[in-house]
Amino acid sequence: MRLSENFYLEEFLISETAERHGGDMLEQQRNPDPAVLQNIHYLVQHTLQPLRTLLKTAMTLTSGYRCLPLNRAIGSKDTSQHVLGQAADIKLSNEIASSVSRTRIKNIIHSKVRNVTGKPLRSDINANFYLFATACFYRDELDIDQVIHEFGADGRPSWVHLSSSNDPDRDKRQILVINSGGTRVIDLEEALNLGC
């Protein structure tokens, strides 16, 4: 089922862990309830597709919806927005870093970062950092609850966690970093400095 120009429901339901476990876990993972489906649609329409369109670069979901047994099997908290279909872990294609056709959007991001930090982005940032920085800049417009720079080195996240919902109790606009030192909430300038 197509959710938007670039996203399909199947992407949110795939799980190697659920495939290995099979049985009830796999059945639950493949058949989310209607409320979860609505949440996934909201996340795609309000956050993921707008980012994909803005960056003009392919994205890969490494984790989307997780049924509760799957979420527990991978050691995540029951309160994770993945369980509700309100979160996705994303990797951005390296084409943003290497393609001449993406130079304009990269220059815009570099300029916005310099305006906030007073410093240029390092040359060793990865494609995922462009996604992270852009999501940080547009938290309000894209109705983002959380944007998280997950693991990897500063400016080189292994993936970016994005969550969004129309639940007023979740309206956080938080920026976080998760690494071997733990999880911490950071402000916009600190977030962008991860790449400087």
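Refer to the structure presented above.
Rules and cut-offs
- Residues numbered from 1 in each chain as written.
- Predicted model: local features only at pLDDT ≥ 70, side-chain atom pairs only at ≥ 80, totals over all residues.
- Heavy atoms only, no water.
- Helix = DSSP H or I, 4+ residues; strand = E, 2+ residues; numbered from the N terminus.
- Rg over C-alpha atoms; globule rule 2.2 N^0.38 Å.
- Buried < 20%, exposed > 50% of the residue type's maximum accessible area, 1.4 Å probe, protein only.
- Contact = heavy atoms within 4.5 Å.
- Lys, Arg positive; Asp, Glu negative; His and termini not counted.
- Charge placed at Lys NZ, Arg CZ, Asp CG, Glu CD.
- Pairing = 2+ DSSP bridges.
- Axes fitted to C-alpha atoms, helices over the stretch in contact; angles between N-to-C directions.
- Salt bridge = Lys/Arg side-chain N within 4 Å of Asp/Glu carboxyl O.
- Polar contact = N/O pair within 3.5 Å; in protein donor to acceptor, adjacent residues only side chain to side chain.

Q: Would you take a moment to explain the overall build of the protein chain for this structure?
A: What the protein chain contains, in helices and strands, is 9 helices and 6 strands. What you see for the protein chain is a C-alpha radius of gyration of 17 Å, in line with the 16 Å of a compact globule of 196 residues. Principal-axis analysis of the C-alpha atoms places the extent of the protein chain at approximately 50 × 35 × 35 Å. Each of the 196 residues in the protein chain was classed as buried or not, and the buried ones make up 50%. Residue pairs at least 24 apart in sequence account for 68% of intrachain contacts in the protein chain once pairs closer than 6 positions are excluded. Placing the 22 positive and 24 negative side-chain charges of the protein chain at their respective mean positions leaves the two points 7 Å apart.

Q: How do you make sense of the sheet that holds strand β1 (residues 59–63) when you look at a structure like this?
A: Where strands meet in a sheet, backbone hydrogen bonds hold them as pairs that are either parallel or antiparallel. Spatially, β1-β2-β4-β3-β5-β6 is the arrangement adopted by the 6 strands of the open sheet, whose pairing is mixed. The sheet is open, and its two borders are formed by β1 and β6 (182–186), each paired with just one other strand. Across the sheet, the axes of successive neighbouring strands diverge by a mean angle of 30°, strand direction being ignored. With 5 bridges joining them, strand β3 (residues 144–150) and strand β5 (residues 174–179) adopt parallel strand pairing.

Q: Which parts of the structure should I look at to understand the environment of lysine 112?
A: Among the structural elements, lysine 112 can be located in helix α7 (residues 103–117). A residue is classified by how much of its surface remains accessible, and lysine 112, at 29% relative accessible area, is partly exposed. Each C-alpha atom of the pair lysine 112 and alanine 133 lies 9.2 Å from the other, and the pair is 21 residues apart in sequence. Filtering out sequence-adjacent residues up to four positions away, lysine 112 remains in contact with Phe137 and Tyr138.

Q: What exactly am I supposed to notice about the pattern of salt bridges here?
A: Close approach of charged atoms allows side chains of opposite charge to pair. If you walk through the whole model with that rule in mind, you get 8 salt bridges. One salt bridge in this structure joins glutamate 19 and arginine 30, with 2.9 Å as the shortest N-O distance. Pair noted here: glutamate 19 is in helix α2 (residues 16–21) and arginine 30 is in helix α3 (residues 23–30), with a separation of 11 residues, a long-range link. Take arginine 30: its relative accessible area is 47%, and that puts it in the partly exposed class. The shortest N-O distance in the salt bridge between aspartate 143 and arginine 173 comes to 3.0 Å. Remark: arginine 173 occurs in the loop between β4 (159–164) and β5 and aspartate 143 occurs in the loop between α8 (127–137) and β3; sequence separation between them is 30 residues. Here the two residues aspartate 143 and arginine 173 agree in accessibility, since each one is buried.

Q: Can you walk me through the environment of arginine 104 in this structure?
A: For arginine 104, the location among the structural elements is in helix α7. Put simply, arginine 104 and leucine 55 are 49 residues apart on the chain and 9.9 Å apart in space, counted from C-alpha to C-alpha.

Q: Mind showing me how you'd approach the side chain of asparagine 71 here?
A: Relative to the helices and strands, asparagine 71 is located in helix α5 (residues 68–73). Among the polar contacts listed, one links the side chain of asparagine 71 to the side chain of arginine 66, at a separation of 3.0 Å. What asparagine 71 contacts, discounting residues up to four positions off in sequence, is Arg66, Ser76, Lys77, Asp78, Ser80, His82 and Val83.

Q: Honestly, the side chain of aspartate 143 in this entry has me stumped. Any pointers?
A: Classification of aspartate 143 by relative accessible area gives buried; the value is 13%. When sequence neighbours within four positions are dropped, the list of residues in contact with aspartate 143 reads Tyr42, Thr47, Ser163, Ser164, Ser165, Asp171 and Arg173.

Keep in mind these values describe shape, not function.
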